Amino acid sequence: MGCVLGRFAAIAALVALLLLTCCGASAAGATQGGPRFSFVEWRYSSQELEKARVETFLVSARPNGSGRHRLFGKGRRINPTIFHGGSWSPDGSRVAFSGTPIAGGREGKPRIYILRAGRGRPRALPKTLGGTHPVFSPDGSRIAFKRSRFRFHFNRKNPLKSRSYASATSWMLDLASGKARQLTPWRNGLFNSPYSFSPGGTVLALDRSRPGRGTEAVSYDLGSRKTTTIAVEATEPVFSPDGSRVALVSYRDHLTVDGFDGPEARGEIYTVAPDGSDPVRVTHAPRAYESEPSWDPSGSRLAYTSNNDELSAFLGLENSVMAINVDGTCPTTVISRRRSRRGGSAYYGPAWQPGPGREAGPISC
């Protein structure tokens, strides 16, 4: 849990840095055809973080990283938050993302926005204040999202009795009615984050963390409201397009590298059956931080992020967007982080755009 909170604190610090910037909304051009995926570009103007001017952009590209098309970015009113990529509607016509309004040079609380690809400004969704990590349902009628609470009470008389509170819950928004309902409970130390719906829309895959239990991938039945563990020591579970497999980041191999405060855990991307059986290791990069798996609509390949830079990974920035066949063959660097004396760019949050004709199929190598 300490690592989770530490990572969030670092990300929050970078979000605070965005208060110094004036980034926001613009979208240009029509939706591009063929197989494509979206990602977030995090651009900074200086190698010195305290002096950096930061901008974030939601971009789409072809499977090989070419043909980049900016869906959303530079402007004055809205800025996508830097810690999560987009989620596409099942027909590929809309993308949801978490963003923060900018008013009077100040950044407000995050909320969920929807953008019609290539059509103007994003629309803020009601009842999503404080929301992040949006996930479209398979029929496009609902969006699951996450809300977080972080509080600290300092005891002046006895600092050792100061108390902190941290929790995250999953919610469901009905797009037709605008009503949101809470799915998981608030509880100190309990974090539930939505990552994927099953193809039938009856099950929601969650990333769950709780005191003394670590992080695990679980399935939440929306009818019975029962939670079942898919895999322990795992995060970011995502159903395949046909629902037969779940891609996730697994720490089952107990890989570590030397970190700032001792050994740092490194996960690999696996696929498992929905009940957690038949685990198959997809990636084999024991010194890389790998995260954010996303299925191609054909179910043949995965996009994900990979980072060999410990500091950047700790801050939530990824070096490269990668692609790999689900059998572990043909690992391919699609987009790499760029650096120069004037700054650079980092990339994260890959999300395949669904819809007819958008299947990329397996990678040839």
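Our subject is the structure listed above.
Residues numbered from 1 in each chain as written. Predicted model: local features only at pLDDT ≥ 70, side-chain atom pairs only at ≥ 80, totals over all residues. Heavy atoms only, no water.

Caption draft 1: Region of interest: the overall build of the chain. Scanning the chain from terminus to terminus reveals 2 helices and 27 strands. The buried share among the 365 residues of the chain stands at 53%. For the chain, the exposed surface amounts to about 16600 Å²; the carbon and sulfur share of it is 51%. (Helix = DSSP H or I, 4+ residues; strand = E, 2+ residues; numbered from the N terminus. Buried < 20%, exposed > 50% of the residue type's maximum accessible area, 1.4 Å probe, protein only. Areas by Shrake-Rupley, 256 points an atom, 1.4 Å probe, with all protein chains shown as cover.)

Caption draft 2: Inspection of the sheet that holds strand β23 (residues 301–307) at higher detail. Within the open sheet, the 4 strands sit side by side as β22-β23-β24-β25. Their pairing is antiparallel. Every other strand in the sheet has two partners, leaving β22 (289–295) and β25 (332–336) as the edge strands with one partner each. Pairwise comparison of adjacent strand axes, ignoring direction, gives a mean angle of 25° for this sheet. Direction of pairing for β23 relative to strand β24 (residues 320–325): antiparallel, over a ladder of 6 bridges. In the strand pairing of β24, S306 is matched with S320. (Pairing = 2+ DSSP bridges. Axes fitted to C-alpha atoms, helices over the stretch in contact; angles between N-to-C directions.)

Caption draft 3: Representation of the packing of aromatic side chains in the model. A complete count under the given rule lists 6 aromatic pairs for this structure. Between F37 and F39 the ring centres are 5.7 Å apart and the planes differ by 35°, which places this aromatic pair in the tilted class. Accessibility assignment for this pair places F37 and F39 in one class, buried. Each ring, one from F97 and one from Y113, has its centre 5.9 Å from the other, and the planes form 15°; the classification is stacked. With a gap of 16 residues between them, F97 in strand β6 (residues 94–103) and Y113 in strand β8 (residues 111–116) connect regions that are remote in the sequence. Geometry around F57 places R70 over its ring, the cationic atom sitting 4.0 Å from the centre. The ring of W171 carries the charged tip of R147 above its face, separated from the ring centre by 4.4 Å. (Phe/Tyr/Trp six-rings, centres within 6.5 Å; stacked < 30°, edge-to-face > 60°. Lys NZ or Arg CZ within 6 Å of the ring centre and 35° of its normal.)

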